[in-house]
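# Overview (structure and organization)
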Amino acid sequence: MMKTNTFLTALALVLLSQSLFAIQEYDIRFKLDALDCPNGQICYLVQLKSADGQGWNLAGQNYRIYYDASMATYISGSGISLLPENQYSSVLFTADIQNVDASAFGGDLDFANTLSFLNYSIDLMNLSNGGINLPASGEWVSTSKLCFDVSQAALDDPNECISLVWARMGKTDPYATAFVEVSQWLSTNSTTEAIANIYDDLDASDGPESCLTSICEGTGNENTTPTCSDGIDNDADGLIDCNDPSCAGIDPCIINQKSFDITLDLSNVDCVSGVACYDINLRANGSSFSLGDQHYSLFYNSGVGTFVSAISRLDNGNYQPLSILGGTPLENEDATGLGPLTFEGDLGFVDFSILLSNQASGGNIDITSGDFVTTAQICFDMTSAAINNPGTCFETAWGREGTTDVYNGFFVEIEEWVNASEIQPVSGNAYGDLGVASGDDACFDTSCGSGNETGETLCSDTLDNDNDGLIDCLDPGCSQTTGCLASCAAQAPTLSRN
């Protein structure tokens, strides 16, 4: 009798302990991971997430999947677990049945006459410690990956889409009673089955993830991991994968993403002629890169400075001469009210490039995060007001998205030379525009002095105060000062009639 009571007590404790843990819910879906259009192969992630706003510990899983054999064929051996190896087993396939006519079973799968079926499991290895948590935030967690050979019809016909269906009661039970099972770890040696909330099958409603023609024929977008790594110009803009700005910040492009800082630094100003020349300087922001082709777009206040010239400073023989593009410069354009530039009422714009002489050999110039590298020099003819008036400063803005795109779509574009057959864009990080805050680089009254050389003090301080190349008494502005008149009289020759 005592033994029976002990057993009942133990059983009651087990039931009580399990009742303390609510049965959790999950959503399950397929997510496109990679697409190789030329070779006709596609990979999907199997993903789970908590569906009830509660975080819970994931135990073992058993996945059962039906799919249309006329559209895809599972690549044997391609299925892998994405869960931590120290906590979960590798995938174990117990069924890989392909292309069976199951139309006589009376189910409602529209591909029953070309039915394929996968059954595989991933076990929790240590029931004492549990596994990973499905977060309460509802973040999707990838548990495994499956790859398929894709039929030519799925690649060519926009009406042919890949179908993957989760096995569950009420959907696939006419074919078999093996369904998806996901378990929750409760405590040491204690697990329970979680409840599926949403079975998100893959079908035509998933767009390009199921209907591949829009990706593989270049009529879709190039802004996802598959389209940014498939070697195809998916949006037909002439730019492939990481060379397309739409792929910036998208894996795999973000992995190797490099960025640059660009400045416009005053190299010299002729205060007499009014010509000011600037160095265009580049520096890496983070990882270094080998400099390839460059495209520079610069907006400027043409009411203060007008374009004179631009030349390349990359004179190691590996780059072509600087080339002005697109019928620029354009000056005195009225774009008032279009965008954020304070000088848009007198807009100037110049667009130019410096290209590699030989793509195969590259340029042999490294842009690092250390010192700036001067790539070009550009000169402007400044107005007399800019030279002499402290209230008149030269303003510029580098072409980039979010600042100048309202005026035109030409931006600064810098490329990294990777090898003879590969280049990739380098994203812009910091753009050094010119304005009042730039001080001497933009406001020349400081650079050019007071603008006057008159009076006893300025005409005897041994300085070229008006920057005309003439100092003190050699400057005509000082000719009538007492000091200069005396100096000239002392040096006057004595004339003789003999």
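That block above? That's the structure.
So, here's what we can say about the structure.

The rules behind each value
- Residues numbered from 1 in each chain as written.
- Predicted model: local features only at pLDDT ≥ 70, side-chain atom pairs only at ≥ 80, totals over all residues.
- Heavy atoms only, no water.
- Helix = DSSP H or I, 4+ residues; strand = E, 2+ residues; numbered from the N terminus.
- Buried < 20%, exposed > 50% of the residue type's maximum accessible area, 1.4 Å probe, protein only.
- Contact = heavy atoms within 4.5 Å.
- Polar contact = N/O pair within 3.5 Å; in protein donor to acceptor, adjacent residues only side chain to side chain.
- Phe/Tyr/Trp six-rings, centres within 6.5 Å; stacked < 30°, edge-to-face > 60°.
- Salt bridge = Lys/Arg side-chain N within 4 Å of Asp/Glu carboxyl O.

## Notes on the overall build of the chain
In terms of regular secondary structure, the chain is built from seven helices and 25 strands. For the chain, buried positions account for 43% of its 498 residues. Summarising the internal contacts of the chain: among those between residues at least 6 apart in sequence, 70% fall at separations of at least 24.

## Thoughts on the side chain of Q377
As for its placement among the helices and strands, Q377 is situated in strand 22 (residues 373-382). A distance of 3.2 Å separates the side chain of Q377 from the side chain of R313, its partner in a polar contact.

## Overview of the environment of S353
As for its placement among the helices and strands, S353 is situated in strand 20 (residues 347-354). Along the backbone, S353 and Q294 are 59 residues apart, and their C-alpha atoms lie at a distance of 5.5 Å. If we ignore the near neighbours within four places in the chain, the residues touching S353 are Q294, H295, P321, L322, S323 and L325.

## Here's the deal with unusual backbone geometry
Among all residues save glycine, negative phi is the norm, and among peptide bonds the norm is trans. Note the cis peptide between T328 and P329, where omega equals 10°. Secondary-structure assignment places P329 in the loop between strand 18 (323-324) and strand 19 (330-333). Positive phi, normally seen in glycine, also occurs at N332, with a value near 60°. Within the element layout of this structure, N332 appears in strand 19. On the accessibility criterion, N332 (52% relative accessible area) is exposed. With a phi close to 60°, N364 is a non-glycine residue in the positive phi region. Relative to the helices and strands, N364 is located in the loop between strand 20 and strand 21 (366-367). For N364, a relative accessible area of 60% corresponds to the exposed category.

## Topic: the environment of Q320
With respect to the element layout, Q320 can be found in the loop between strand 17 (305-312) and strand 18. Overall, the relative accessible area of 34% leaves Q320 in the partly exposed class. Linking Q320 and L355, residues 35 residues apart in sequence, is a C-alpha distance of 5.5 Å. Contacts of Q320, omitting those with residues within four sequence positions, involve I354, L355, L356 and S357. At 3.1 Å, the side chain of Q320 forms a polar contact with the backbone oxygen of L356.

## Quick notes on the side chain of T143
Along the chain, T143 turns up in strand 9 (residues 141-150). The class of T143 is buried, set by a relative accessible area of 0%. Engagement of the side chain of T143 in a polar contact is seen with the side chain of Y63, the distance being 3.0 Å. At a separation of 3.4 Å, a polar atom in the side chain of T143 contacts the side chain of S144. When residues no more than four places from it in sequence are discounted, the contact partners of T143 are V46, L48, L58, Q61, Y63, I80, S81, L82, L83 and I122.

## Remarks on the packing of aromatic side chains
Per the stated rule, a full pass over the model turns up 23 aromatic pairs. Their ring planes at 5° and their centres at 4.0 Å tell us that F30 and W166 sit as a pair that is stacked. Residue F30 is found in strand 1 (residues 25-36), and its partner W166 is found in strand 10 (residues 164-166); the two are separated by 136 residues along the sequence. F30 gets classed as buried once you look at its relative accessible area, which sits at 6%. The class of W166 is buried, set by a relative accessible area of 0%. Pairing F349 with F410 gives two aromatic rings, centres 6.2 Å apart and planes at 35°, and the pair type is tilted. In this pair, F349 is assigned in strand 20 and F410 in the loop between strand 23 (396-398) and strand 24 (413-419), connecting sequence segments 61 residues apart. For F349, a relative accessible area of 6% translates into the label buried. Three or more aromatic residues link up through ring pairs in this structure, and these residues are F30, Y44, Y63, Y67, Y74, F93, Y120, F148 and W166.

## Remarks on the pattern of salt bridges
Overall, the coordinates contain seven salt bridges when judged by the stated rule. Note that R64 and E181 form a salt bridge whose closest N and O atoms lie 3.7 Å from each other. Of the two residues, R64 is situated in strand 3 (residues 56-68) and E181 in strand 11 (residues 181-187); the sequence distance between them amounts to 117 residues. What makes R64 buried here is its relative accessible area of 10%. E181 sits in the partly exposed class, given a relative accessible area of 36%. Put simply, K258 and E416 hold a salt bridge, and the shortest N to O gap is 3.6 Å. With K258 in the loop between helix 3 (213-216) and strand 14 (259-270) and E416 in strand 24, this pair connects stretches of sequence that are 158 residues apart. For K258, a relative accessible area of 17% corresponds to the buried category. Looking at E416, the relative accessible area reads 8%, which means it is buried.

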